[in-house]
Amino acid sequence: MTGHRLPSGGRIDRARPLSFRFAGRRYQGFAGDTLASALIANDALLVGRSFKYHRPRGIYAAGAEEPNALVQLGAGAYSEPNARATQVELYDGLTADAVNAWPSLEWDLGALTGLVSGLFVAGFYYKTFMWPRAFWNRVYEPAIRRMAGLGKAPREADPDLYDKVHVHADVLVAGSGPAGLAAALAAARAGADVLIADEQAELGGSLLAARGTLDAWLRATLDELRGMPNVRLLPRTTVFGYYDHNYLCLLERRTDHLGPAAPAGLSRQRLWHVRARQVVLATGAHERPLVFAGNDRPGVMLAGAVSTYINRYAAVPGKRAVVFANNDGAYRTALDLAEAGAQVLAVVDPRESSPGDLPAQVRARGIEILNGQAVAAATGGKRLEAVSIGPLGGGAARGVACDLLAVSGGWSPVVHLFSQSQGKLRWDEAKSCFVPGTAAQAQRSVGAANGTFALGAALAEGLNAGAEAAKDVGFGGWRAPEPPIVDDPKEAPPHPLWQVPGAEGRGKSFVDFQNDVTASDLRLAAREGFESVEHLKRYTTTGMATDQGKTSNVNALAILSDATGRAIPATGTTTFRAPYTPVTYGAMAGRDRGDRLDPIRVTPIHSWHVARGAAFEDVGQWKRPWYYPQGGEDMHAAVRREAKAVRTSLGVLDASTLGKIDVRGPDAAEFLDRVYTNGFRKLGVGRCRYGLMCRDDGMVFDDGVTTRLADDHFFMTTTTGGAARVLEWLEEWLQTEWPHMKVYLTSVTEQWATVSFAGPRAGDVLRELAPAVAVDEESFPFLSMREGVVAGLLARIFRISFTGEPSYEVNVPSHHGLALWEAVMAAGEKHGITPYGTEAMHVLRAEKGFIIVGQETDGTVTPLDLGMDWIVSKQKDFLGKRSFARPDTSRADRKQLVGLLPADPAEVLPEGAQLVWDAAESPVRMVGHVTSSYWSPNLGRGFALALVKGGRDHHGKTILAPLAGKTVAARIVAPNFLDEGGKPLHG
Amino acid sequence: MLLIPCPWCGERDETEFRYGGQAHVARPLDPNATGDAAWAEYLFMRDNPKGWFRERWNHAAGCRRWFNMVRHTITHEIASVYKPGDPKPELPE
Ligand SMILES: [Zn+2]
C-alpha cells in the first residue's frame, strides 16, 4: 500500500476526482467520499481542538455519532457551523475549517498556555467562576468565549429555500440497513404504503461497509423497492423526532451534497411531517469508546469506523495498527486492516480468552492476540505515536509504536427514537447495552437497534416486523419472505470494560469527547453528591451539545454506577430528546418567514393608505394606518394635526378591521341579553347600543356596538383584535351551555368595509353623498342605523361615535370600500378632510375617557372598576353578574379607572408607569399604573388614564410616578377630559 | 402531535383543535342563588389527574364544533370521543 487510498475497491468513483480545502490546505478526494473519508485518504486526521482543553482531536467515527470532527462548512451567508465531517458529502470546491482552534488548527494558543486546564473541572460552570465576582465580566467570560465554544452562526440572512411536506404512510421505516430494508420489503410486498428514510446518501446502512456480504441481495432489494408504486425511498433523510400518535419528523437534505452546483430554485432541505400508522425503527447501533489515558489522541478511532473507511471509502486510517476491543466483532477490523495492507501489531482483548470464529481467523493470519490485557495509555501529540499495553490485573506494560488504535467497547443500540416515543428502555446484561423495552406507540424496533446484532437474525427480524406492521394496517394473509442465507460467525459474549484500571494516573481518560468530560470528572461529581444521572449530566455537561452523548452516555452511566456502587439499571439512563441530529432553523421555518411568517390582513382601502405614505401599526394580524405623516412630520406632529382636525372640522378613519358578527335567529335577542351586561331585548329595530361583555368571572372581555337589523337579526361589532376570540366564545356558550337556543353566528368582518368620518362637518359630508337620506337630528338620531345609498353605493350608515364628535360609520360591501373612501375624501375636501390613524383615534377616545379593551383592561378589571355601572343591568342576569358579588370582586380598594393630569403640562407619562402615594416609603407600595397616556392637542397638555387602588375616592389628590431619574407628580381627576360639548374641561 | 378524531370530521391533527379543559363542569342553574364557595368552585377549580380524563375540545380550524374526549394524560391514548349532551362514558381501566 502506498499512501492511504487503496488502488481499488470501495464505493468511491475514482473517475470523478474532487478538490477541496480544509483548514486552509488544498486536498483531493473522489465522488462518494465524505469530507472525513477524503481527509483520512490524505492522512489528515487532525480536524479540531477540543471544547475545553484545546487538545488536538482527530476523526473518531464514521457517522452521526462523530464527537470530534465538527467543521465550519462554507463561508458567508451559506456558512454552516458544526457540520460533522463524517456526514458531509464531498463536492468539488468544498471549503471547511476547524471550529474550535485559535489562532489556527496547528498552533492553538489555548492548548499552549495550559491556563485552561485548571478552570474546567467537573461543575466548572458553578465553581470556578464564582470568585472574585468582578473577574467574571473582565477575565473569565471573555476568556471562555474565546477558548470554549463550537462553530459560528452566520450573521447574514439565510439565502436558501426550504420546504415542508406533510404525508401519511402505512409503514414508516427509519433506517435502511439490512433490517430496515427487509422490513420495508416485507411490508411493501404485502401491499402497504411504505416510506423508508435513511440519513445517508446511499441506502444499505451497515451493508455498505461490509466486504462482499449480501451485495447481490442489497442490489436486488433496492431495485425491487424502487419499482414499487407504494414505496417511497428517502436517502439523505434523517428521522429526527418521534412524537405522539406516531407523528414523526424527517429532515431531507436535497442540495447540501451539491455545494455551489446546486440548481437555483430547488429547496435546500425539506422537513417531512409524517403521520405513520406503523413505525419500524431500524436505526442500527453506535460503537462505544474504551476509556483509558490519552484515548482522545488523533489516531485512536472506533473499530467499526476503521472498517467503514477501508471497505466503503478505500481509505486506510493508519499503517501500523493495534486493535483494542472487548468483543468479537472488532476482530473484523483486524482482518480488514490486514486485507488493506496495514500492519496489525496486535489485538488487545481484556477477556481471558477469545474462542469465537473471528478471533480464529485473526489468529490464522498470524496476528497476535493479547488476552487478559488492556491499553492503559496512548501517547503522542497531534498524532498517536505509541500505546502502552499491560495485563489487566497489573504487571509489566510494554510500549508499542503505532499510528492507529482501533477501539471497541461494544455496541449501543440507537434507541433515541424509541425513547422519544416514550418507550421504556431495558438493560440487557448479556449484551451490556440498553435495548427497547415496553413500547408506548405502534412501533417495532428491529436489528441492531433492537440489540439483534447478528446479520442473519437482524434480517429475519426485519422481514417479520415488516409483515406484521403491514398486517396491522390491514394487509394480512402474507407471510414474511424468506431471509437470504447468511453465514454468521459464532461469537463469544462481550465483556464490559468501562474504564481501564490503573489508567487514571497516566493522563486524562475521556468519556465525552465533544464536551471534554473525563472519567475523573464523573467520579469527582459522584463524590460531590451528584448521584442522579440527570444531575451528573448537568453538572459535568456530559452528553450535551450537538452530540447528545451518542458515544458517551453508556460509558458515563457505567462509571457513575461503579462510583456509586449501584447496578447500571438502578443508576438509570438520561432522556433522549429530539432532534436526533441538529436540524436547521431554515428547515423548521420552511417558507413561513418574512411576510409569510403570519398572515397579513389588509383592508380594501389599504392601497390608498400606502400611497399616502401612512405609517402602519400591527393590530393582531391587521395592518392599520397608525398616522399619515406630511412633509417631514414626525409621529407627534402628525397625530397632533390629525386629532385637532377631528375636533375642529373633519377626519376620516378606515374602521374596516372592526370585528363584525351577524347574529340571527328567534333567540338572538335573548342570547345577547345573556352575553352583554346591558339589555338588548328592548332595543328597537334600526337602533344601536354599545355593549360590554364579561367572562363568567366578572372580568371585562370585549366591547362594541350592536345594531338591531330586524326582530331576529343583529349586527354585532367587536374589537379588532378580539373578533375571532369573541366568535369562538359565543359559539362555546351556544354549543355547550345553551344548545336549545336558536341562534346562528356568522363572521362578516371581511364582508364589510367601514369608513368612519367624524367632526363638526361630518353631517355635511353625509348630506352631500346621500341626498336621499334624512340626516337631521330627529329623523336620524344618535345611536341609530339607516340603510341607504351613499356615493351611489348601497350602504348601512351608523350614527355612532368613538371620538365624542358627530360621526357616521358607513359600511359597504368590501369591494366597494375604496370607492366609498375616495368619495368621502372628495366630498370632504372643501372641509379640509384629514385622514387619521389609530394613534389619533386613541387620543380622541381617551380625551373622552372611552376605554380600549386590552389597554385599560387586562383580564382583571370589572365594569365597576371602570366606573361603567351605567351599563350593568340590575334587572336581568348575564354572564359575569354573579361574580360581581364575590368578596374579592366587590372590595372597595380595587383598582379603579381615573384620569391623570401631570403637574407639568408638558409631561407625557409613559404607559405602564407604576404609581405610588409616597416615593420615600420603603418598600414602596405600588397602588396603580398608567394604562393610556398621550399628548392632547385639544387640551394642550399631556394626560393619562390609569388604574389606581380606590381611585374614585381620590379625585383631586396628587399621585406619583417614580421614573428613571425623576419622579412625576400628577393630579387624579375623573376620566373624561372634555365637557359635553366637546370643549376641554381642563387646561 | 395528537391525532384527534373529531366526531363530525374524523381524524385531524391536534393543531386544528383548541383545548377546552375538564368536561362536565356544570354551570350552576341559578348563579345568584349559588353561594360564594360553590361559585368559586365552578369558576376556578378543575381536576388535574394523572391518567384518564374527560375533557372538552373544539375543532376550531375545522367544523368549529365542541365535543368531549376521554384521553390519558400520560400516554395521550384516546379512548373515545362523544358529542355534548351524550352520556358520560365510563373511564377505561
Ligand atoms: Zn370537526
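Details of the structure are given in the entry above.
Residues numbered from 1 in each chain as written. Chains lettered and ligands numbered in written order. Predicted model: local features only at pLDDT ≥ 70, side-chain atom pairs only at ≥ 80, totals over all residues. Heavy atoms only, no water.

**Q** Just to check I follow, could you spell out the overall build of chain B for this structure?
**A** Looking only at helices and strands, chain B has one helix and six strands in total. Of the regular secondary structure in chain B, the N- to C-terminal order runs β-β-β-α-β-β-β. Dimensions of chain B along its principal axes, counting C-alpha atoms only, are 40 × 30 × 25 Å. Across the 93 residues of chain B, 40% fall into the buried class. The long-range fraction of contacts in chain B, counting pairs at least 24 apart against all pairs at least 6 apart in sequence, stands at 48%. Carbon and sulfur atoms provide 49% of the accessible area of chain B, an area that totals close to 5,200 Å². (Helix = DSSP H or I, 4+ residues; strand = E, 2+ residues; numbered from the N terminus. Buried < 20%, exposed > 50% of the residue type's maximum accessible area, 1.4 Å probe, protein only. Contact = heavy atoms within 4.5 Å. Areas by Shrake-Rupley, 256 points an atom, 1.4 Å probe, with all protein chains shown as cover.)

**Q** Is there a simple way to think about the interface of chain A and chain B in this case?
**A** Reports of interface size often rely on the accessible area that becomes lost once the parts have come together. Contact with chain A, which involves 23 residues of that partner, is made by 26 residues of chain B. A combined buried area of about 2,300 Å² lies between chain A and chain B, and 44% of that area is made up of carbon and sulfur atoms. Area buried by chain A at its contact with chain B is led by His245(A), Gln735(A) and Arg882(A), which between them contribute 29% of it. If you look at where chain A meets chain B, you find seven salt bridges. Arg18(B) serves as the salt-bridge partner of Glu728(A), at 2.3 Å between the closest nitrogen and oxygen. Where chain A packs against chain B, one counts 16 residue pairs in polar contact (both at pLDDT 80 or more). Ranked by the residues each element gives to the side of chain A that touches chain B, the list is headed by helix 19 (residues 723-737) of chain A, at eight residues. Along the lines of polarity and charge, the residues of the side of chain A that touches chain B split into eight nonpolar, four polar and 11 charged. (Buried area = accessible area lost by both parts, 1.4 Å probe. Salt bridge = Lys/Arg side-chain N within 4 Å of Asp/Glu carboxyl O. Polar contact = N/O pair within 3.5 Å; in protein donor to acceptor, adjacent residues only side chain to side chain. Nonpolar A, V, L, I, M, F, W, Y, C, P; charged D, E, K, R; others polar.)

**Q** Can you help me understand the coordination of the zinc ion in this one?
**A** Four donors placed tetrahedrally about a metal ideally form angles of 109.5 degrees, and six donors placed octahedrally ideally form angles of 90 or 180 degrees. Residues and elements named next belong to chain B. At this site the zinc ion is bound by Cys6 (SG), Cys9 (SG), His59 (ND1) and Cys63 (SG), with donor distances of 2.0 to 2.3 Å. Considered as a linear motif, the donors of the zinc ion on their single chain read C-x2-C-x49-H-x3-C. With Cys9 in the loop between strand 1 (3-6) and strand 2 (10-13) and Cys63 in the loop between strand 4 (52-58) and strand 5 (66-72), the pair connects residues that are 54 residues apart, well separated along the chain. (Donors = N, O, S within 2.8 Å, 3.2 Å for Na, K, Ca; no water.)

**Q** Please explain the pattern of salt bridges as it appears in this structure.
**A** When charged atoms on two side chains of opposite charge get close, those side chains can pair. Residue and element names in this part refer to chain A. Evaluated as defined, the whole model comprises 54 salt bridges over all chains. Put simply, Glu633 and Arg641 hold a salt bridge, and the shortest N to O gap is 2.7 Å. Here Arg641 falls in the partly exposed class, since its relative accessible area comes to 24%. Among the salt bridges present, the one from Asp764 reaches Arg761, with a minimum N-O distance of 2.8 Å. Residue Asp764 is classed as partly exposed on the basis of its relative accessible area, which comes to 26%. Each of Asp865, Asp888, Arg891, Asp893 and Arg894 takes part in one network of salt bridges that share partners.

**Q** Would you take a moment to explain the sheet that holds strand 16 (residues 320-325) of chain A for this structure?
**A** Think of a sheet as strands paired side by side through backbone hydrogen bonds, with each pair either parallel or antiparallel. Residues and elements named next belong to chain A. Read from one edge to the other, the open sheet built from five strands follows the order 15-22-16-17-18, with strand pairing classed as parallel. Each end of this open sheet is capped by a strand with a single partner; those strands are strand 15 (300-302) and strand 18 (369-371). Geometrically, the sheet is characterised by an average inter-axis angle of 20° between neighbouring strands, direction not taken into account. Packed on one face of the sheet, helix 6 (residues 303-313) meets strand 15 and strand 22 (404-408) and runs near 85° to strand 15. (Pairing = 2+ DSSP bridges. Axes fitted to C-alpha atoms, helices over the stretch in contact; angles between N-to-C directions.)

**Q** Would you take a moment to explain the pairing of strand 47 (residues 966-973) of chain A for this structure?
**A** Both faces of the sheet carry side chains from a regular strand, because those side chains alternate between them. Residues and elements named next belong to chain A. Bridging between strand 42 (residues 895-902) and strand 47 involves four bridges; their strand directions are antiparallel. If you follow Leu900 over to strand 47, its bridge partner there is Ile972. With antiparallel pairing between neighbouring strands as the criterion, strand 46 (residues 958-963) and strand 47 make up a hairpin whose turn holds two residues, including Gly965 at a positive phi of roughly 90°.

**Q** How do you make sense of the environment of Leu960(A) when you look at a structure like this?
**A** Within the fold, Leu960(A) resides in strand 46. For the pair Leu960(A) and Ala919(A), spaced 41 residues apart in sequence, the C-alpha to C-alpha distance is 7.1 Å.

**Q** Is there a simple way to think about the environment of Asp13(B) in this case?
**A** Here Asp13(B) shows up in strand 2. For Asp13(B), a relative accessible area of 22% corresponds to the partly exposed category. In the structure, Asp13(B) is positioned 10 residues away from Leu3(B) in sequence and 4.9 Å away in space, judged by C-alpha atoms. With sequence-adjacent residues up to four places away left out, Asp13(B) is seen in contact with Tyr247(A), Arg275(A), Met1(B), Leu2(B) and Leu3(B).

**Q** Could you clarify how one ought to interpret the packing of helix 11 (residues 519-527) of chain A against helix 12 (residues 533-540) of chain A in this entry?
**A** How two helices sit against one another is set out by the angle between their axes and by the gap between those axes. Residues and elements named next belong to chain A. Two elements in contact, helix 11 and helix 12, have axes separated by 10 Å at closest approach and are oriented at 125°. It follows from the interaxial angle that helix 11 and helix 12 lie oblique. Two packed elements cross with a definite hand, and for helix 11 against helix 12 that hand is right-handed. Within the contact between the two elements, helix 11 uses Asp521, Leu522 and Ala525 and helix 12 uses Leu536, Tyr539 and Thr540. (Parallel < 35°, antiparallel > 145°, perpendicular 65-115°, else oblique. Left-handed = near helix turned anticlockwise from the far one by under 90°.)

**Q** Explain the pairing of strand 29 (residues 615-619) of chain A here, please?
**A** Residues and elements named next belong to chain A. Bridge count between strand 29 and strand 30 (residues 622-627): five bridges; the pairing is antiparallel. Note that in strand 30 the partner of Glu617 across the bridge is Arg624. Between strand 29 and strand 30, which pair antiparallel one after the other, the connecting turn spans two residues, and Gly620 there sits at a positive phi close to 60°.

**Q** Looking at this structure, I do not really get the packing of aromatic side chains. What am I missing?
**A** Within a pair of aromatic rings, the relevant descriptors are the distance that separates the centres and the angle that separates the planes. Residues and elements named next belong to chain A. The final tally for this structure, using the stated rule, is 30 aromatic pairs over all chains. Relative to Trp729, the ring of Phe701 lies with its centre 4.5 Å away and its plane at 40°, an arrangement referred to as tilted. You can see Phe701 sitting in strand 34 (residues 700-710) and its partner Trp729 sitting in helix 19, a full 28 residues away along the chain. A relative accessible area of 11% places Phe701 in the buried class. Taking relative accessible area as the criterion, Trp729 reaches 11% and is therefore assigned buried. For the pair Trp729 and Trp733, a centre-to-centre distance of 6.3 Å together with 80° between the ring planes defines the contact as edge-to-face. In this pair, Trp729 and Trp733 both sit in helix 19, four residues apart, roughly one turn of the helix. (Phe/Tyr/Trp six-rings, centres within 6.5 Å; stacked < 30°, edge-to-face > 60°.)

**Q** Even after reading the chapter, I still don't get the packing of helix 6 of chain A against helix 7 (residues 331-339) of chain A, so can you show me in this structure?
**A** All names here are of chain A. One can describe the packing of helix 6 onto helix 7 by two numbers: an axis separation of 9 Å at closest approach and a directional angle of 30°. Where helix 6 crosses over helix 7, the two elements pack in a sense that is left-handed. Contacts from Ala303, Gly304, Val306, Ser307, Ile310 and Asn311 in helix 6 reach Arg332, Thr333, Asp336 and Leu337 in helix 7. Here the residues of the contact of helix 6 with helix 7 sort into four nonpolar, four polar and two charged.

**Q** Would you mind going over the sheet that holds strand 5 (residues 70-73) of chain A with me for this structure?
**A** Residue and element names in this part refer to chain A. One open sheet holds the five strands; their spatial order is 2-1-7-5-6, and the pairing between them is mixed. The open sheet is flanked by strand 2 (25-31) and strand 6 (80-84), the only strands paired with a single partner. Ignoring which end each strand starts from, the neighbouring axes of this sheet average 40° apart. Sheet topology note: the strand 1 (residues 13-22)/strand 7 (residues 94-98) ladder contains three bridges and is parallel. Each residue of the ladder has a partner; that of Phe20, found in strand 7, is Leu94.

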